[in-house]
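Results of the structural survey
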Amino acid sequence: MSAAPISAAAENVVCRFADKRFTEISGLTTSLRHPGVLYLHNDSGDGPFIYAVDSSTCETLATLTVRGVDPRDAEAISIGRDEHGRAVIWFADIGDNLDSWPNVRLHQIREPKRLRDKTVSATTYRFSYGDMPHNAEALLANPVKPELWIVTKQLAHGSLYRLPVPLRTTEVNIARKIRQEGGLVTDGAVSPDGRRYVVRDYDDAYIYAGLPPGRLIATVPLPFQLQGEAITWSPDGRSLLIASERDKRLMRVTLPMSAMAVS
C-alpha cells in the first residue's frame, strides 16, 4: 500500500444507530436483493445474529438468527453469489487474536427474499492458511460469482489469501497466499459491479482496480472513529459507508475521481 494519501471529497454522518444491541459493530455489507439495506453484526460475544438495517435512517429492519452457529470471534460479513448465482451472506468467524485456532469458519446463508425476524440455516465451511493460524477481520466476496478472499490482520503487515472454489464441507479448505498486505486491516469489500475493491485499517481506505490482487489506485483518509472496523460500498460505487465499535454513526465517504478507475 504505497499510493500517496489524498483528501476525501466529502464525509458526513448519514444517520445514527439507535438499536442498543449494536455495541461492537465489526462487519458491514450492502444487500444484493434489497435496495437501501445493509447487513451488520457485532464482534465476539453477541451470538449468531445478523441485523438488516436501513442505510438512510439506521433503523433495524430485521434480525436473522443463524441456526446452529456459535461464533468464537465473528469479524466480517460480505454479500456474494453461490454456484447457482443466488445471493448469499457470508458470516465470517475468522478472528483469532492469539493465532491459535487450527481452522476458522465461514457460514454461508441465502439472502432472504423478505426482511423479517427469522431463524436461518447456514452451510459452514472450515479453512486454514496452510502455514500457521492467523488473525483476520476482512473478507472479500465477488458479487458476481463465487469467489472469496481473506486479508489477515497483523501489526507489521498482513497477507491476502484466496479461498478455493468450490469450498467443501467435508474437509478443511486451504487458503492460498497471494501477496503481502499492510498491517492492521480491519475490513474490506468488493464494489457492487465487481470491478474494484477496498480494504481499510483504522486510518485509511485503500482502493484497488480489479478483483484481488488488483492494482492500488487511491488511498483515502477516513474520518476519525474510536475503533473503525467496518466498511462497505454504496450501491452506486461512488462512496464508502463506514461504521465503528463504540460509535453510533453510519458515515459516508464520497470518493475522489482517482478512485473510480477500473482499468
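Just so it is clear, the structure is predicted and the values come from calculations on it, not from any experiment.

Rules used throughout
- Residues numbered from 1 in each chain as written.
- Predicted model: local features only at pLDDT ≥ 70, side-chain atom pairs only at ≥ 80, totals over all residues.
- Heavy atoms only, no water.
- Helix = DSSP H or I, 4+ residues; strand = E, 2+ residues; numbered from the N terminus.
- Rg over C-alpha atoms; globule rule 2.2 N^0.38 Å.
- Contact = heavy atoms within 4.5 Å.
- Areas by Shrake-Rupley, 256 points an atom, 1.4 Å probe, with all protein chains shown as cover.
- Lys, Arg positive; Asp, Glu negative; His and termini not counted.
- Charge placed at Lys NZ, Arg CZ, Asp CG, Glu CD.
- Pairing = 2+ DSSP bridges.
- Axes fitted to C-alpha atoms, helices over the stretch in contact; angles between N-to-C directions.
- Buried < 20%, exposed > 50% of the residue type's maximum accessible area, 1.4 Å probe, protein only.
- Core = buried A, V, L, I, M, F, W, Y, C linked by side-chain atoms within 4.5 Å.

**So, the overall build of the chain**
Regarding its fold elements, the chain presents zero helices and 22 strands. Computed over its C-alpha atoms, the radius of gyration of the chain comes to 17 Å, within 12% of the 18 Å expected for a compact globule of 263 residues. Here the C-alpha coordinates of the chain stretch approximately 45 × 40 × 35 Å along the principal axes. Partitioning the contacts of the chain with sequence separation of at least 6, the portion at a separation of at least 24 is 53%. Within the structure as shown, the chain displays about 11,000 Å² of accessible surface, and the carbon and sulfur contribution to it stands at 49%. The average position of the 31 basic charges and that of the 31 acidic charges among the side chains of the chain differ by 7 Å.

**Observations regarding the sheet that holds strand 17 (residues 196-200)**
Two modes of strand pairing occur in sheets, parallel and antiparallel, and in both the strands are linked by backbone hydrogen bonds. Taken in spatial order, the four strands of this open sheet run 16-17-18-19, and their pairing is antiparallel. One side of each edge strand has no neighbouring strand; the edge strands of this open sheet are strand 16 (187-190) and strand 19 (215-221). Looking at each pair of strands side by side, their axes are set apart by 20° on average, direction ignored. Sheet topology note: the strand 18 (residues 204-209)/strand 19 ladder contains six bridges and is antiparallel. Note on strand 19: the bridge partner recorded for Ala209 is Arg215.

**A few points about the pairing of strand 10 (residues 123-128)**
Pairing geometry for strand 8 (residues 104-110) and strand 10, over five bridges, is antiparallel. In the strand pairing of strand 10, Arg105 is matched with Arg126. One ladder, built from three bridges, connects strand 10 with strand 14 (residues 172-174); its direction is parallel. Within strand 14, the residue paired with Phe127 across the bridge is Asn173.

**Brief notes about the environment of Arg215**
Checked against the element boundaries, Arg215 lands in strand 19. Accessibility expressed as a relative area gives 40% for Arg215, which makes it partly exposed. Once the C-alpha coordinates of Arg215 and Ala261 are considered, the two residues, 46 residues apart in sequence, prove to be 10.0 Å apart.

**Side note on the nonpolar core**
Counting 19 residues, the largest nonpolar core has Trp90, Ile94, Leu106, Phe127 and Ile150 as the members making the most contacts within it. If you list the elements that add at least two residues to this core, you get strand 7 (87-93), strand 8, strand 10, strand 11 (136-141) and strand 12 (148-152). Apart from residues lying up to four places away in sequence, Ile150 is in contact with Ile94, Phe127, Tyr129, Ala136, Ala138, Leu139, Ser159, Leu160, Tyr161 and Leu163. Formed by 18 residues, the second largest nonpolar core is a distinct cluster that contains Ile207, Ala209, Ile231 and Val253.

**Thoughts on the environment of Val151**
The topology assignment puts Val151 in strand 12. Taking the C-alpha atoms as reference points, Val151 and Ala205, 54 residues apart in sequence, are found 14 Å from one another.

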